[in-house]
Amino acid sequence: MKLNEIEVVSAKTLNDALSVLHDQSDEIKPIAGGTDAIIQAKEASLQTKRFLDISSLPELRYIRREGSVIRIGALSTYSDIIESSMLNSSCRMLVEASRTIGSLQIQNRATIGGNLGNASPAGDTIPPLYALDANVKVQNHEHSRLVPVEKFFLGYRKIDLMPDELITEISFEAVEDPYDGTFLKLGLRERHFISLVSLAISVKWAPDGDRFSNVRVALGAVAPVALRARKCEEYLKNRTLAEEMIWNAGKIASGESSPISDLRAPANYRRAVIPSLLYQAAQSLIADRQRRQKP
Amino acid sequence: MEKLFSFKLNGRQVSVSAPPAYTLLEVLREKLDVTSPKEDCGKGECGACTVLMNGRTVLSCLVLISQADGAEIVTSEGFMRDGSPDHVQKAFIENGAVQCGHCIPGFIVSTEALLSRNPKPSVEEIKTALAGNLCRCTGYASIIRAVQKASENN
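Since this is a predicted model, take the numbers as computed values, not measurements.

Draft legend 1. Representation of the domain arrangement of chain A. Residues and elements named next belong to chain A. Partitioning chain A into structural domains gives domain 1 (3–53), domain 2 (58–173) and domain 3 (179–293). Put simply, the middle of domain 1 and the middle of domain 2, counted by C-alpha atoms, are 19 Å apart. Contacts between the two partners involve 15 residues from domain 1 and, on the opposite side, 18 residues from domain 2. Among the elements that line the side of domain 1 that touches domain 2, the one with the most residues is helix H1 (residues 14–24), at six residues. Here the residues of the side of domain 1 that touches domain 2 sort into six nonpolar, seven polar and two charged.

Draft legend 2. Spatial organisation of the sheet that holds strand S1 (residues 7–10) of chain A. All names here are of chain A. With parallel pairing, three strands are arranged side by side in an open sheet as S1-S3-S2. The open sheet has two free edges, formed respectively by S1 and strand S2 (28–31), since each of these has just one partner strand. Sheet twist, expressed as the mean angle between neighbouring strand axes with direction ignored, is 30°. Summarising the sheet, S2 and strand S3 (residues 50–53) pair through four bridges and their orientation is parallel. Bridging from a neighbouring strand, Ile28 pairs with Arg50 of S3.

Draft legend 3. Main features of the packing of helix H3 (residues 87–94) of chain B against helix H4 (residues 104–117) of chain B. Residues and elements named next belong to chain B. Look at H3 against H4: their axes get within 10 Å of each other, and the N-to-C directions meet at 130°. Taken as axis vectors, H3 and H4 run oblique relative to one another. You can see that H3 and H4 cross each other, and the crossing is right-handed. Of the residues in H4, those touching H3 at Val88, Gln89 and Phe92 are Ile104, Ile108, Thr111, Glu112 and Leu115. For the contact of H3 with H4, the residue count by class is five nonpolar, two polar and one charged.

Draft legend 4. Looking closely at the interface of chain B and chain A. Listed by partner, the interface residues are 22 residues for chain B and 23 residues for chain A. Elements that contribute at least two residues to the side of chain B that touches chain A include exactly strand S4 (56–59), helix H2 (65–68) and helix H5 (123–129) of chain B. Here the side of chain B that touches chain A takes four residues from S4(B), the largest share from any one element. Considered class by class, the residues forming the side of chain B that touches chain A number 11 nonpolar, nine polar and two charged.

Draft legend 5. Broad picture of the domain arrangement of chain B. Residue and element names in this part refer to chain B. Once the domains are mapped, chain B shows domain 1 (3–76) and domain 2 (87–152). Of note, the centres of domain 1 and domain 2, computed from C-alpha atoms alone, are 21 Å apart. Each partner contributes to the interface: domain 1 provides 13 residues, whereas domain 2 provides 11 residues. Here the element with the most residues in the side of domain 1 that touches domain 2 is strand S3 (residues 50–53); it accounts for three residues. Each residue belonging to the side of domain 1 that touches domain 2 can be placed in one class, and the counts come to six nonpolar, six polar and one charged.

Draft legend 6. Region of interest: unusual backbone geometry. Positive phi is not limited to glycine here, since Ala119(A) has a value of about 55°. Residue Ala119(A) is classed as buried on the basis of its 21 C-beta neighbours within 10 Å. In this structure, Asp33(B) takes a positive phi of about 55° despite not being glycine. The topology assignment puts Asp33(B) in the loop between helix H1 (24–31) and S3.

Draft legend 7. Looking closely at the environment of Ile159(A). Residue and element names in this part refer to chain A. Relative to the helices and strands, Ile159 resides in strand S9 (residues 158–159). Distance in space between the C-alpha atoms of Ile159 and Ala249 is 30 Å, their sequence separation being 90 residues. What Ile159 contacts, discounting residues up to four positions off in sequence, is Gly117, Ala119, Phe152, Phe153 and Leu154.

Draft legend 8. Region of the structure containing the sheet that holds strand S1 (residues 3–9) of chain B. Residues and elements named next belong to chain B. Across the sheet, five strands lie side by side as S2-S1-S5-S3-S4; this open sheet has mixed pairing. Looking at the sheet topology across the chains shown, the edges are occupied by strand S2 (12–18) and S4. Between one strand axis and the next, the sheet turns through 40° on average, direction left out of account. Here S1 runs beside S2; their pairing, made up of seven bridges, is antiparallel. Along S2, the bridge assignment pairs Phe5 with Val16. Here H4 sits on the sheet in contact with S3 and S4, set at roughly 40° to S3.

About the criteria used
Residues numbered from 1 in each chain as written. Chains lettered and ligands numbered in written order. Predicted model: local features only at pLDDT ≥ 70, side-chain atom pairs only at ≥ 80, totals over all residues. Domains from an automatic or database assignment. Contact = placed C-beta atoms within 7 Å. Helix = DSSP H or I, 4+ residues; strand = E, 2+ residues; numbered from the N terminus. Nonpolar A, V, L, I, M, F, W, Y, C, P; charged D, E, K, R; others polar. Pairing = 2+ DSSP bridges. Axes fitted to C-alpha atoms, helices over the stretch in contact; angles between N-to-C directions. Parallel < 35°, antiparallel > 145°, perpendicular 65-115°, else oblique. Left-handed = near helix turned anticlockwise from the far one by under 90°. Buried ≥ 20, exposed ≤ 12 C-beta atoms within 10 Å, placed from the backbone.

Encoded structure:
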């Protein structure tokens, strides 16, 4: 079915959307910002008779903090994330990742829930959410359930979402100083590009400031789904930071990846740049820490 | 099946009948004869179809008309003042930022959005704001100069 022939059901409330999905979930696909779905419908890789347009549900567009938990409504756009002063002060890596996605026009429209639902291996909010140990809330007309983000992605473009469910919220523990984190991605040009490799790192500094007492490293675009480089994390944890040691950690992370070759880069190139990304990320965390320590 | 949609276009309320999954771009060009937004890539890479939707730049080739129902849309035409180019459009003309002209309406909309939020942007900020608009003629130097000139008259 061509894009122009698809019917559109416009939901005005979340309940409205969930009951439409309940009644006709086999024949209808939710659409939010549309920056992936519309292209896929034009190219016929997405086949559906109907779109359920949820782009204007006000209930799912919020960014707030409750105690130590940050909650982001699934329809929050990248621009919402970039402009959130709360996220800028408590979750830098998600802001950094959002800033690198597409162009401003895309950031104004595309949503974090859409990034999860589209489930591209190169989805740039996904490694930060892995490094934050985030949870994904999904709902149908009767129930809601909370899925750890790592369990949400089942395989290449496969997610733990039933046809009658919507992704409604992403939540995670706020990242506080001395917690810190950063996101880096490599592409073929400076702006408006798709990741060849992306890396998110979230750390807790040991009090003496020469090592991480806790660290989470997530890689994107180097496997069918994002992954946590747990061997690399084990190696980094509580080990005094030093040049060679950081390069070693990068090599370990590289060994945990399983990239493919595609039109953007061969697999061995992707594997080879992982240590460089980890090195840059670690150096920027160290530099930030030193800056903060200055009186 | 066509449905009736109404929205504000360049300050005027319009109603139009269209298939609900027509893109906003198709409705603007084919139903409303507003032809400054162009379709080049159709998949979010070139920015030639950039319009303002509720004050934000969006790609009209990636917005369904159903999603624009009730919205406020502004195209390059909407920035004209009494039928004449405004200071941004003039700056593009006067600085040789327009060669074939095809991409320019998108650049105008992105520039207007930038300057309304950030009246005196740095070159880096200009580059970031315009990264989603591609131009294959000018090499961008004259476009950046035009944005700087426009910001002086902001």
